[in-house]
Amino acid sequence: MKTSKILSFILFLISATLRGQERPPVIDMHMHIGAPLNLPAGAPAPCLPQPCIRRGKATASPDENLRKTLELMTRYNIVKGFLSDLDLTQLQQWAEAGQGRFMVSPFIVDPTKASVDQLREELKAKRLTGIGEIGSQLMGIAPNDPRLEPYFALAEEFDVPVLIHTEGIGPPLPSFRSVPGSPLLLEDVMVRHPKLRIFVENSGYPYLDEMIAMMYQYPQLYGDVSTITWIIPQSAFYDYLQRLIKAGLGKRIMFGSDQMRWPEMIGEGIDAINDADFLTPEQKRDILYHNATRFLRLDTKK
Ligand SMILES: [Zn+2]
């Protein structure tokens, strides 16, 4: 009996070590707590362009979303996740449950509704570690709109990363507009805030040339590949990513799942990067981990 217990313990140790070796660390730069809320449990995730086949099953509650998200994070060895939501209390609950894995950050849609003073207090207390996702494009607001200025100033003051939704695609809301999503409209922000550490959702998809221009000109600007790892046809995602890589931007692109209420998309997104045969093993590791450690300055911290 005793011997078999020792044996099973040794086997457990070996399998745990192998599991650790199988999956190198990943950083997920784009996570949310639970939006969109207006969908029933089990609803499939959106897809583009329509008509298309929707996949996945929306979780039924924030608790289920948290549990499944953490399960996926463990399975894929996600060591850090940039997590944003409107509800600051829920963000703290996730932060506690994640035991140090989540970097929590306020989702900002209506810039007149978020309180800059409150965010300053939260940043001071280190209960928040970023700004955004700034999703004001959902209201048709461009990044260079003066109403967003206090948030960029705050992020620069506290030297925290900023995620912004600036691209051609977004949720089908009546107030969403593609035009204010042009990455060129970031230029005013980059000029006004040269120390800002900012990254753009989906690397501005599909505004490729505009995004390349901004990234060449402003070395502090990074991009993620998040929703586009699963929401658009894989051929379109690969085409966009390959053109960013060919432009020499392989050190400035970071993985994000944008899992929302579909935690299974975490795995789909990581698999999409690992299955891309035009990427070298080093480029895959850069996108899944190393670029984010540099952007977040995790590599220089103890
Ligand atoms: Zn998002």
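Here's a quick rundown of the structure. (Residues numbered from 1 in each chain as written. Predicted model: local features only at pLDDT ≥ 70, side-chain atom pairs only at ≥ 80, totals over all residues. Heavy atoms only, no water.)

Turning our eyes to something else, we now look at helix α3 (residues 88–97). Of all the residues in α3, the buried ones are Leu88, Gln90, Leu91, Trp94 and Ala95. Down the axis of α3, the buried set is contained in an arc of 155°. They therefore lie on one face. In this structure, α3 carries Thr89 and Glu96 as exposed residues pointing more than 90 degrees from its buried face. Buried residues along α3 sit in contact with β1 (26–32), α2 (62–75), β2 (78–85), β3 (102–106) and α4 (116–124). Measuring from the backbone nitrogen of threonine 89 back to the side-chain oxygen at the start of α3 gives 2.9 Å, which picks out aspartate 87 as the cap. Two residues or fewer past α3, glutamine 99 is found with a positive phi of approximately 45°. (Buried < 20%, exposed > 50% of the residue type's maximum accessible area, 1.4 Å probe, protein only. Helix = DSSP H or I, 4+ residues; strand = E, 2+ residues; numbered from the N terminus. Arc of directions from axis to C-beta. Contact = heavy atoms within 4.5 Å. Polar contact = N/O pair within 3.5 Å; in protein donor to acceptor, adjacent residues only side chain to side chain.)

Within this structure, the stated rule accounts for 7 aromatic pairs. Aromatic pair phenylalanine 82 and phenylalanine 199: ring centres 5.5 Å apart, planes at 85°, arrangement edge-to-face. In this pair, phenylalanine 82 sits in strand β2 while phenylalanine 199 sits in strand β6 (residues 198–200), placing the two residues 117 residues apart along the sequence. Using a relative accessible area of 0% as the deciding quantity, one classes phenylalanine 199 as buried. Arranged with centres 5.4 Å apart and planes meeting at 75°, the rings of tyrosine 238 and phenylalanine 278 form a pair that is edge-to-face. One end of the pair, tyrosine 238, is in helix α8 (residues 234–246); the other, phenylalanine 278, is in the loop between α9 (264–274) and α10 (281–295), and 40 residues separate them in sequence. An aromatic cluster of at least three residues, connected via ring pairs, comprises Phe82, Phe199, Tyr222 and Phe295. (Phe/Tyr/Trp six-rings, centres within 6.5 Å; stacked < 30°, edge-to-face > 60°.)

For the rest of this paragraph, the subject is the environment of glutamine 137. Among the secondary structure elements, glutamine 137 is positioned in the loop between β4 (131–134) and α5 (149–158). Residue glutamine 137 is classed as buried on the basis of its relative accessible area, which comes to 1%. Along the backbone, glutamine 137 and proline 46 are 91 residues apart, and their C-alpha atoms lie at a distance of 18 Å. Discounting residues that sit within four places of it in the chain, glutamine 137 has contacts with His165, Thr166, Glu167, Ser175, Phe176, Arg177, Ser178, Pro180 and Gly181.

So, on to the coordination of the zinc ion. Reference geometry at the metal: tetrahedral coordination by four donors gives ideal angles of 109.5 degrees; octahedral coordination by six donors gives 90 or 180 degrees. Each protein donor to the zinc ion is listed here as His30 (NE2), His32 (NE2) and Glu133 (OE); together their distances run 2.0 to 2.2 Å. Written as a sequence motif, the donor residues of the zinc ion are H-x1-H-x100-E. Pair noted here: histidine 32 is in strand β1 and glutamate 133 is in strand β4, with a separation of 101 residues, a long-range link. (Donors = N, O, S within 2.8 Å, 3.2 Å for Na, K, Ca; no water.)

Interhelical geometry of α9 versus α10 gives an angle of 150° and a closest axis separation of 9 Å. If you check the angle between α9 and α10, you find them roughly antiparallel. Each of Ile270, Ile273 and Asn274 in α9 lies in contact with α10, whose residues at this interface are Lys284, Ile287 and Leu288. A breakdown of the residues in the contact of α9 with α10 according to their chemical character gives 4 nonpolar, 1 polar and 1 charged. (Axes fitted to C-alpha atoms, helices over the stretch in contact; angles between N-to-C directions. Parallel < 35°, antiparallel > 145°, perpendicular 65-115°, else oblique. Nonpolar A, V, L, I, M, F, W, Y, C, P; charged D, E, K, R; others polar.)

All right, on to the nonpolar core then. In terms of nonpolar packing, the biggest core is built from 75 residues, with Ile131 and Leu221 touching the most fellow members. Considering every element that reaches this core, the biggest residue donor is α8, with 6 residues. Among residues more than four places away in sequence, those in contact with leucine 221 are Leu186, Met190, Ile198, Val200, Met211, Met214, Met215 and Arg252. Ranked by size, the runner-up nonpolar core spans 11 residues in total, among them Ile27, Met103, Met254 and Ala292. (Core = buried A, V, L, I, M, F, W, Y, C linked by side-chain atoms within 4.5 Å.)

In this section: the sheet that holds strand β8 (residues 253–255). The strand order β4-β5-β6-β7-β8 describes an open sheet built from 5 strands, whose pairing is parallel. Sheet topology places β4 and β8 at the edges, where each strand pairs with a single neighbour. Averaged over neighbouring strand pairs, the angle between their axes works out to 25° when direction is ignored. Bridge count between strand β5 (residues 162–164) and β6: 3 bridges; the pairing is parallel. Bridging from a neighbouring strand, valine 162 pairs with isoleucine 198 of β6. (Pairing = 2+ DSSP bridges.)

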